[in-house]
There are 2 protein chains.
Amino acid sequence: MHSYIDIRSLNELPKIEAISGIQTMRTIRWDSGTITTIDQTLLPVECRAIECKTVHTLCEAIVSLRIRGAPALGAAGGYGVALAAHTSAASTLREFMRDLEIESDRIRRTRPTAINLTWGVDRVMDAVRRAGSIDEARRIALFEATAIADEDVERNTRLSKHGRALFEDGDTVLTHCNAGRLACVDVGTALGVIRAAVDEGKEISVISCETRPLNQGSRLTVWELMQDKIPVTLIPDSAAGLMMRKGLIDKVIVGADRITRDAVFNKIGTYTHSVLAKEHKIPFYVAAPISTFDPTGLERDITIEERDPDELRRIHDVMLAPADAAVYNPAFDATPVENVTAVITEDGVVYPNESESWNDLFS
Amino acid sequence: MHSYIDIRSLNELPKIEAISGIQTMRTIRWDSGTITTIDQTLLPVECRAIECKTVHTLCEAIVSLRIRGAPALGAAGGYGVALAAHTSAASTLREFMRDLEIESDRIRRTRPTAINLTWGVDRVMDAVRRAGSIDEARRIALFEATAIADEDVERNTRLSKHGRALFEDGDTVLTHCNAGRLACVDVGTALGVIRAAVDEGKEISVISCETRPLNQGSRLTVWELMQDKIPVTLIPDSAAGLMMRKGLIDKVIVGADRITRDAVFNKIGTYTHSVLAKEHKIPFYVAAPISTFDPTGLERDITIEERDPDELRRIHDVMLAPADAAVYNPAFDATPVENVTAVITEDGVVYPNESESWNDLFS
């Protein structure tokens, strides 16, 4: 279904120059009608890129988490519309736009909780609506999608520099899931901040929670940080409490999939870490670009995606539970903003408990 | 190494009559020089019993968690000394006792945090020291080991009846790891209480945390409760916070591997659940026989067993992390007694925060 390209590490990805001139490697990119992205389900065993030449293939890649991570999904959404534009066989602009609406909707529905995906799709769709011809629409779609990806790199670079001041030399920092280069076009959000702190000479050790059931912590975060030679130790999600109680964690930093005025939606387990951090008086930071903010929704309005029960019942052919076990497998949880010390964005650090600057972000 | 006996379910195990006349199935038993026990590492795929004919085989079964669970380890420790007595080739009582000391020590060292194992070994060793001959020593060892196993069934039956009054019709109860029949000779501690509540007509639903990294929740607790037709839903450990925040959990009940005056040692993750329960004002119960109490130790004195890093890096042949990832894999954590609403024992329910009755248990 997907065609694979063998690569050995992220450092083998071609460097692409962003609008600003920053040269970076890209975990998702566009090359003459093809979206190329790392298949994150194969890591850490294999580092392979897949090529998506149709929206159907892209949607499958999003649903099965070959592509994942809030900011990367923003780019995937944008490129997805460009791909729909590229592959539409419509002969009139009206038919073409109808194709795009259908395909956009299909992309949006793959991950309902992740706001960036919808944000990326909508941004490109809004731009395309200005086009006077199919050709122009295709050019605009690709231009706008490329801008999203380029801006993601620049946003995360700025975000990382804003965040690094919050970390001190010698800190041990707990993170959950993967908010790294793999979750973005490049740089990372939570891990971008850690990298930026390391780059300015601070010694930072990372504690990576394995992040059940799909182990993005053990498979992706540990792998990514080991490639960068940043010290990282893998723990089961359930050991965060013990480590905090023993005074072994100085700070917590995570990414986010959606931020409403009252809550941060992120990988299941984030809320538990926030309660533990509060109990142990440990700062709890969220790193996320402004595109993650949901200007209108509140926690009660957001549907939390429930995933396949088999994610808990088995790993490949290994049965972890009876095949007919009842399962509750929510992909995300909501952390009330009262538990969040600060949110790090590309425009600076905001403190949810200072209600004026916080509320400005939602107006 | 082990010889296997195929059985299809716990209900196929032979019923054994305890001293009191209670007929029960046994997850660990002695039959003419052989210890037979369920190999819990094969569940839920296969329900098979293994035979241990040497102390070496028994120790391997304990280290690799074929036999596990605090009360079951008490019986395994006792039967282990009986097996050492049965297999010793010594010709004088002095040599025989030296053999027993060496083998006892080997058994004790397999799981350093689990107090019941040492308690079972010590109880049989203390009895054997009264013997005037090798033959008498063998008889005493087997008698005492059998008494431990028989008493375990009776203790857990009494414990379960004391505990069930704490649960109400319609309760949804979260549990962690496996404190069921598989963790005991029979009946169970935490799950024994739930069974006793169900037996008196209460409708109880159980939420079973999968309990990483060895998945005793998904592999054992879910399987065991499904066999008894008690409604059970499997969740990742990290979803407990979300469920409590949504008001979906009425009570928490867990077992214990050691209880000191100041802390309850139990499977890694228990402490986190206790903090979440406190945050959400949910009762947090521990079910454990008196043999779990450590009369002299305090939390700071207890070594927490660290297990093989590969438990987090892989499941059978499936790699979950880079093969050389640094790992911290503690088997247990300590929950301060301030976080525990009540401890359910065979002699009744005790409240750690009423210091007089609590302190009496350690005098």
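Residues numbered from 1 in each chain as written. Chains lettered and ligands numbered in written order. Predicted model: local features only at pLDDT ≥ 70, side-chain atom pairs only at ≥ 80, totals over all residues. Heavy atoms only, no water.

## Looking at the sheet that holds strand 17 (residues 332-336) of chain A
Residues and elements named next belong to chain A. Read from one edge to the other, the open sheet built from three strands follows the order 11-12-17, with strand pairing classed as antiparallel. Each having just a single partner strand, strand 11 (258-259) and strand 17 make up the two edges of the open sheet. Sheet topology places strand 12 (residues 263-267) next to strand 17; five bridges connect them, and they run antiparallel. Counted as the bridge partner of F265 is A334 from strand 17. In the packing of helix 9 (residues 270-279) onto the sheet, the strands contacted are strand 12 and strand 17, and the crossing angle to strand 17 comes to about 30°. (Pairing = 2+ DSSP bridges. Helix = DSSP H or I, 4+ residues; strand = E, 2+ residues; numbered from the N terminus. Contact = heavy atoms within 4.5 Å. Axes fitted to C-alpha atoms, helices over the stretch in contact; angles between N-to-C directions.)

## Re the nonpolar core
Counting 64 residues, the largest nonpolar core has V252, I259 and V286 of chain A together with V252, I259 and V286 of chain B as its most contacted members. If we skip the residues at most four places from it in the chain, I259 of chain B touches V264, V286, A288, T292, F293, D294, V343, W358 and F362 of chain B. Counting 44 residues, the second-largest nonpolar core is a separate cluster that includes V55, I134, V153 and V185 of chain B. (Core = buried A, V, L, I, M, F, W, Y, C linked by side-chain atoms within 4.5 Å. Buried < 20%, exposed > 50% of the residue type's maximum accessible area, 1.4 Å probe, protein only.)

## Side note on the domain arrangement of chain A
Interfaces are often sized by the amount of accessible area the parts lose when they come together. Residues and elements named next belong to chain A. For chain A, the assigned domains are domain 1 (3-157) and domain 2 (161-360). The distance between the C-alpha centroids of domain 1 and domain 2 comes to 24 Å. Contacts between domain 1 and domain 2 engage 35 residues on the former and 34 residues on the latter. In this assembly, domain 1 packs against domain 2 so that about 3100 Å² is buried in total across both faces, 56% of it on carbon and sulfur atoms. The interface formed by domain 1 and domain 2 holds one salt bridge in total. Notably, a salt bridge pairs R111 with E305, separated by 2.9 Å at the nearest N-O pair. Counting every contact that joins domain 1 to domain 2 gives 18 residue pairs in polar contact (both at pLDDT 80 or more). Secondary-structure elements contributing two or more residues to the side of domain 1 that touches domain 2 are strand 3 (23-25), helix 2 (70-87), helix 4 (115-128) and helix 5 (134-164). Sort the elements by how many residues they give to the side of domain 1 that touches domain 2 and helix 5 lands first, with six residues. Per-class residue counts for the side of domain 1 that touches domain 2 are 19 nonpolar, eleven polar and five charged. (Domains from an automatic or database assignment. Buried area = accessible area lost by both parts, 1.4 Å probe. Salt bridge = Lys/Arg side-chain N within 4 Å of Asp/Glu carboxyl O. Polar contact = N/O pair within 3.5 Å; in protein donor to acceptor, adjacent residues only side chain to side chain. Nonpolar A, V, L, I, M, F, W, Y, C, P; charged D, E, K, R; others polar.)

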